[in-house]
Structures are given as C-alpha cells and as structure tokens.
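# Examination of the molecular architecture
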Amino acid sequence: MTTTLITGANKGLGLETARQLVAAGHTVYIGARDTERGRRAAEQLGARFVQLDVTDDASVQAAAKTVEAEGGLDVLVNNAGIEVRGPDNAIPIAADTTADEMRTVFETNVFGVVRVTHAFLPLLQRSTAPVVVNVSSGLASLTGLSDPDSPAHFYPAIAYPSSKTAVNMVTVQYAKAFPGMRINAVEPGFTATDLNGRTGTQSVEEGAEIIVRMAQTPPDGPTGGYFDVKGSLPW
Ligand SMILES: NC(=O)c1ccc[n+]([C@@H]2O[C@H](COP(=O)([O-])OP(=O)(O)OC[C@H]3O[C@@H](n4cnc5c(N)ncnc54)[C@H](OP(=O)(O)O)[C@@H]3O)[C@@H](O)[C@H]2O)c1
C-alpha cells in the first residue's frame, strides 16, 4: 500500500489530487494548515488528516512525527502555494513589487517546499519506491516568460513566477542528491481555483491529471524533470 502526503490539500488542485489518489488505492494524508477544513476534506474523501502549515517549522516537524508513527511515507506532493493578488484580483506589476511581497510568496512556495521535504526525507528514504512531486507552474519557465511568442509572456508579476523557477531548481538539485527517489516538478495548467480568483480555464480534474500521474512515477521513471500533461517542458 502506497502512503501519500499532499500539502495544501483541503481545496483546489490538492483536494482533487487527493480524491484521485484515494481512488487509485493510495492511503492519502490531507495536509492542511486549518484543522477543521482539513479534517472535513479528509472525511469527505476517506483520507487521513495531518495538520501542516508549510511556513511553520513546529507544525511540519509534528506532522512528520505523526506520519512516521502511523507507518511512514512513500509519496510527497508539495502542492501548497500562494499567489499574492491585488484588489479586483489584479496581478501585481513589477513597479509595485516589494521585498516583503517576495518574502511572503517565497516563504510558502519555496521555503515551504524545502521545509517539508527536509522533514520528510528520512521517511521517504525508508520507502522502497519514494516519489516527490513539486507543484510548479508554467510561469516558472524562463524560456516561456522570455519568449514574446509564448502565451505566458504577458504575465507581469515578479514574485510568483520567480518562486516557481526556484521550485524547479530545488527539484533538479534534490533529484541529483537522491538518485534513488523520483523527484519531478509539474505544471498543472491554468486551472479555476481560489488562487487565481477562479479565472483559470481548466477544471481541477484536468489540472490534477499530471500531479496524479507523476505521484505514481515507477522506480524506473523520470527524475529531475519538469512536465505538463503533454510531456517535458523547457526550463
Ligand atoms: N490554479 C492554477 O492555475 C495553477 C497553475 C499552476 C500551478 N498552480 C499551483 O498549484 C498549487 C495548488 O494551487 P491551487 O490552484 O489549487 O490553489 P488554492 O485552491 O488556493 O489552494 C492552495 C492550497 O494551498 C494551501 N496553503 C497555502 N498556504 C499554506 C501554508 N502556509 N501551509 C499549508 N497550506 C497552505 C491552501 O490552504 P488554505 O485553504 O488554508 O489557504 C490551499 O489548500 C499551488 O502550488 C499553485 O501555485 C496552480
């Protein structure tokens, strides 16, 4: 039986990933910072719940202890993420970007991934088929955002895409350090969730597809890559 932890799984892509992985036979932990919402989501899906705020060392350490005591971990999905938006869901422009905004976004999207991965590595190392999926974004791609012909080129904010580019590098470096694990970054595609004020053009079912697929990467599957549903993406 494969045991999987998904961070930020009380709603959006994380919740849908949990639903699909429960259906695929995984024992799934819904990681959520809010106990009530997390428990409710877990009950709804027949999953387990663990309190986990990716910005809080004590919370992440306690979650790792709980999961270890209950049998360990095979798959970690680093899904929790934020995108700071302005009034009327406006995407922040470069001129308005502050160090504080960058710090807030990196605390969750980048340091959160490292904090959680670091805490759960000892458990993953005991698994016979350890897998890590880092939920990145198409906006992480330096190739895409610097190419005027790319659909992502228009995106003006600084903090969110930079944080996801950092997630991609974190993925590459962990994958080299742990060749016995399958560690990949994924781009779910533009999905209607609270993150973007529900402006996304895909459903969560569509968005979760690549996350679910990469969570089931076999031991001889790819590692250190960056994928969407159609295949490999340019960094
Ligand atoms: N939607 C898209 O178009 C899209 C595209 C590419 C990539 N992504 C990525 O997909 C991932 C999931 O996003 P989503 O679209 O599903 O957004 P969402 O519906 O807003 O869900 C984000 C989840 O992350 C959780 N979270 C935020 N900060 C957290 C923290 N400090 N500790 C623990 N959990 C925290 C949220 O919990 P609360 O309910 O407590 O806030 C929520 O469960 C993110 O990494 C996002 O960057 C999304």
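Above: the structure in question.
Residues numbered from 1 in each chain as written. Predicted model: local features only at pLDDT ≥ 70, side-chain atom pairs only at ≥ 80, totals over all residues.

When its secondary structure is counted, the protein shows seven helices and eight strands. The C-alpha radius of gyration computed for the protein amounts to 17 Å, which stays within 12% of the reference 18 Å derived for 235 residues, consistent with globular compactness. Counting only C-alpha atoms, the protein reaches 50 × 40 × 30 Å along its principal axes. Sequence-distant contacts, at least 24 apart, represent 65% of the contacts inside the protein between residues at least 6 apart. (Helix = DSSP H or I, 4+ residues; strand = E, 2+ residues; numbered from the N terminus. Rg over C-alpha atoms; globule rule 2.2 N^0.38 Å. Contact = placed C-beta atoms within 7 Å.)

Turning our eyes to something else, we now look at unusual backbone geometry. One non-glycine residue, Asn 89, lies in the positive phi region at around 65°. Turning to its location among the elements, Asn 89 is positioned in the loop between strand S4 (75-78) and helix H4 (99-125). For Asn 89, a count of 10 C-beta atoms within 10 Å puts it in the exposed group. (Buried ≥ 20, exposed ≤ 12 C-beta atoms within 10 Å, placed from the backbone.)

Side-chain alternation along S4 places Val 75 and Val 77 on one buried face and Leu 76 and Asn 78 on a second face that is also buried. Note that strand S1 (residues 3-6) and S4 share three bridges and pair parallel. Bridge pairing links Ile 6 to Val 77 in S4. Relative to strand S5 (residues 131-135), S4 runs parallel, the two being bridged by four bridges. When the sheet's bridge partners are listed, Leu 76 is paired in S5 with Val 132. For the crossover that starts at S4, traverses H4 and ends in the parallel S5, the hand is right-handed. (Pairing = 2+ DSSP bridges. Right-handed = clockwise from strand over helix to strand, strands pointing away.)

With that out of the way, let us pick up the packing of H4 against helix H6 (residues 159-177). In the contact formed by H4 and H6, the axes pass within 9 Å of each other and the chain directions differ by 20°. Compared by their axis directions, H4 and H6 come out roughly parallel. For H4 against H6, the interelement crossing comes out right-handed. Residues Glu 101, Met 102, Val 105, Phe 106, Asn 109, Val 110, Val 113, Val 114 and Thr 117 of H4 touch H6, and the partners they reach there are Ala 159, Tyr 160, Ser 163, Lys 164, Ala 166, Val 167, Val 170 and Tyr 174. A per-class count over the contact of H4 with H6 returns 12 nonpolar, three polar and two charged. (Axes fitted to C-alpha atoms, helices over the stretch in contact; angles between N-to-C directions. Parallel < 35°, antiparallel > 145°, perpendicular 65-115°, else oblique. Left-handed = near helix turned anticlockwise from the far one by under 90°. Nonpolar A, V, L, I, M, F, W, Y, C, P; charged D, E, K, R; others polar.)

Okay, H6 next. Across its 19 residues, H6 extends 27 Å between first and last C-alpha, which sits within 8% of the 27 Å expected from 1.5 Å per residue. By the burial criterion, the buried members of H6 are Ala 159, Tyr 160, Pro 161, Ser 163, Lys 164, Val 167, Asn 168, Val 170, Thr 171, Tyr 174 and Ala 175. Buried residues along H6 sit against H4, S5, helix H5 (142-145), strand S6 (182-186) and strand S7 (226-228). (Expected span 1.5 Å × (residues − 1).)

Glancing now at the site of the ligand. Near the ligand you find 28 residues, and of these Gly 8, Gly 12, Gly 81, Thr 193 and Leu 195 are the closest. For the shell around the ligand, a count of residues per class yields nine nonpolar, 14 polar and five charged. (Near = placed C-beta within 6 Å.)

This brings us to the pairing of S6. The element S6 is largely enclosed, with a buried count of five among its five residues. The alternating pattern of S6 places Arg 182, Asn 184 and Val 186 on one face and Ile 183 and Ala 185 on the opposite face, and all of these are buried. Two strands pair when backbone bridges link them, and S6 and S7 are joined in this way by two bridges, in the parallel orientation. Across the sheet, Ala 185 pairs through a bridge with Tyr 226, a residue of S7.

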